[in-house]
Amino acid sequence: MSASKIVAGIAVWMITAVTLVAQQQHANVPHKSDARIVAAMQKVSAERLRKNDEKLVSFGTRHTLSVQLPADAAGGITKAAAWIKEELEGYSKACGGCLEVKTQTELQEKANRIPEPIQLTNVYAVQRGTDPESAKRIIVISGHYDSRNSETNDYSKPAPGANDDGSGTITVLETARVLSQYKFPATIVYLTVAGEEQGLYGSKQFAKMAKANGWNIDAVLNNDIVGGDKSPGQDATKVRVFSEGVPSNATPEQVRKIRGLGEENDSASRELARYVNEIGGQYSAGPRFRPVMVFRPDRYLRGGDHLSFNEEGFAAVRFTEWQENFNHQHQTPRTENGIEYGDLPKFVDFGYVARVAKLEVAVLASLASGPAAPARPRLLTKSLENDSQLAWDASPTGQVAYYEVVWRSTTEPTWTQSKRVGTETTAKLPVSKDNVVFGVRAVDAKGHRSIVVTPVPER
Ligand SMILES: [Zn+2]
């Protein structure tokens, strides 16, 4: 054999080996990164976040019940809502009217923490997707713009709410400003709600409206207390991502099935949290900065607006700073025994908020760029066998370069194995379904992934 033939033979062997490695890779090996997403992340401005937060605080109180203040009052929630709307309209003007800025105003009947019926207003902007089929997919980012102080129903004394939840509101605004400079096939909704502190009333109204109108919401990223309070013990390299395990809206029959199959760690919200975790590993929002998944709906015995979406059957997660300082939440500003209380801008780390906003720019842009998840994923269980056969229907939005089957052992938190299967909609793997959890996702030519969906058994 001539030297050139040997070289050619080695080359063929190497290509084959590389292809084999590429076909079965670890799921946590990053996919191709999108330069456009990296560029968008760089546009997030900590200084602008600070200015917007100070503006929100300047309304004195944004208490939900302050809607009752006289029209000539200096501040209050009505004026804050008007400012948020104006701000979103400004971003829309800058992108040639690419945002539809809207309000949802509904009567909230007398209820717990609502002593008299009042009007509740949610302010939101819709960035309609550019592809007719993909535009039906909706990705939501949310925060609550209402605030409170030490007294649950006091609506006249200061309630600055710089962190809770000025930080979430400015994150929504900043992602809207940045992402409205780009176009995406799917639709993004930038949402700020009222009524959270009184009992999640604004988000309940919004989620109910979305459900009633048949909105196809793929994901909700709720931001509540993402200010990175500057107290000792804070870890500014981490943001928590809370997600429910067993879906809130599951029927007793569905819960029985979840229990029987050991699916309590694979709700749609949990898969969304894993998606955020992977994007956080792929796109750097700052040195060592990363999302940390918490497998629990929210902090112990507490709640937030994502739960309103969960109740209506939508995948929704909550972003919250690593460690909260309770002297700086729901407190009337004051100094007592040398301790300063109050939710003030000076305790907020705007560099940290910028990192959270960058992470979510990457998540929103990846979701809105990529294909829809494969439909009707199934695990075929006609015969007892140690191999596993999966099948699914094509992603309804098309734009699929390949599908990927992912799996993990039942005790692992994240997808650790994957196999590319081209544009086929079936796969057979020499791995026993009894020992692992399977999922499948769609990936486009630029490496944007869909959220993983887990298969249901089919006989
Ligand atoms: Zn809050």
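Above this text you will find the structure in question.
Residues numbered from 1 in each chain as written. Predicted model: local features only at pLDDT ≥ 70, side-chain atom pairs only at ≥ 80, totals over all residues. Heavy atoms only, no water.

A short note on the sheet that holds strand β9 (residues 316-321)
- Taken together, the 8 strands give an open sheet; going across it, the order is β2-β3-β5-β4-β6-β9-β7-β8, and neighbouring strands pair in mixed fashion. Looking at the sheet topology across the chains shown, the edges are occupied by β2 (100-108) and β8 (290-294). Shown here is a sheet whose adjacent strand axes are inclined to one another by a mean of 25 degrees, direction ignored.
- Strands β2, β3 (118-127) and β5 (187-193) of the sheet are contacted by helix α4 (residues 77-94), whose axis makes an angle of about 10 degrees with β3. (Pairing = 2+ DSSP bridges. Helix = DSSP H or I, 4+ residues; strand = E, 2+ residues; numbered from the N terminus. Axes fitted to C-alpha atoms, helices over the stretch in contact; angles between N-to-C directions. Contact = heavy atoms within 4.5 Å.)

What to know about the packing of helix α3 (residues 46-57) against helix α5 (residues 166-179)
- Running from N to C, α3 and α5 cross one another at 130 degrees; their axes reach a closest spacing of 9 Å. On the basis of their axis angle, the class for α3 and α5 is oblique. In terms of crossing hand, the pair formed by α3 and α5 is right-handed. Side by side, α3 and α5 meet where Arg48, Leu49, Asn52, Asp53 and Leu56 of the first sit next to Gly166, Ser167, Thr169, Ile170, Thr171, Leu173, Glu174 and Arg177 of the second.
- Of the residues contributing to the contact of α3 with α5, the split by class is 4 nonpolar, 5 polar and 4 charged. (Parallel < 35°, antiparallel > 145°, perpendicular 65-115°, else oblique. Left-handed = near helix turned anticlockwise from the far one by under 90°. Nonpolar A, V, L, I, M, F, W, Y, C, P; charged D, E, K, R; others polar.)

Things to note about the coordination of the zinc ion
- Around the zinc ion, the donor atoms from the protein are His144 (NE2), Asp164 (OD), Asp224 (OD) and Asp224 (OD), and they sit 2.0 to 2.6 Å away.
- Around the zinc ion, the 4 donor atoms sit at angles spanning 53 to 144 degrees, and that spread fits a shape best called irregular.
- Mapped onto the polypeptide sequence, the residues donating to the zinc ion form the spacing pattern H-x19-D-x59-D. Of the two residues, Asp164 is situated in the loop between β4 (137-144) and α5 and Asp224 in the loop between β6 (216-223) and β7 (238-242); the sequence distance between them amounts to 60 residues. (Donors = N, O, S within 2.8 Å, 3.2 Å for Na, K, Ca; no water. Tetrahedral: all angles 85-135°; square planar, octahedral: opposite > 155°, others 65-115°.)

Notes on the packing of α4 against α5
- Axis separation between α4 and α5 bottoms out at 9 Å; the angle between their running directions is 15 degrees. Taken together, the axes of α4 and α5 lie roughly parallel to each other. Helix-helix and strand crossings are classified by hand; for α4 and α5 the assignment is right-handed. On the side of α4, the interface is formed by Trp83, Ile84, Glu87, Leu88 and Tyr91, while α5 contributes Thr169, Leu173, Ala176 and Arg177.
- Residues that form the contact of α4 with α5 fall into these classes: 6 nonpolar, 1 polar and 2 charged.

Quick notes on unusual backbone geometry
- For the peptide bond that leads from Asp164 to Asp165, omega is 0 degrees, which places it in the cis range.
- Note that Asp165 resides in the loop between β4 and α5.
- In this structure, Arg288 is a non-glycine residue whose phi angle is positive, near 65 degrees.
- If you trace the backbone, Arg288 turns up in the loop between α9 (268-282) and β8.
- Classification of Arg288 by relative accessible area gives exposed; the value is 68%.
- The backbone of His330 shows a phi angle near 50 degrees, a positive value even though the residue is not glycine.
- Residue His330 is classed as partly exposed on the basis of its relative accessible area of 26%. (Buried < 20%, exposed > 50% of the residue type's maximum accessible area, 1.4 Å probe, protein only.)

Observations regarding the environment of Ala445
- Position of Ala445 relative to the elements: it lies in the loop between β17 (436-443) and β18 (456-458).
- Residues Ala445 and Gly370 lie 75 residues apart in sequence; the distance between their C-alpha atoms is 9.2 Å.
- Those residues within four positions of Ala445 in sequence are excluded, and the remaining contacts are Lys32 and Ala401.

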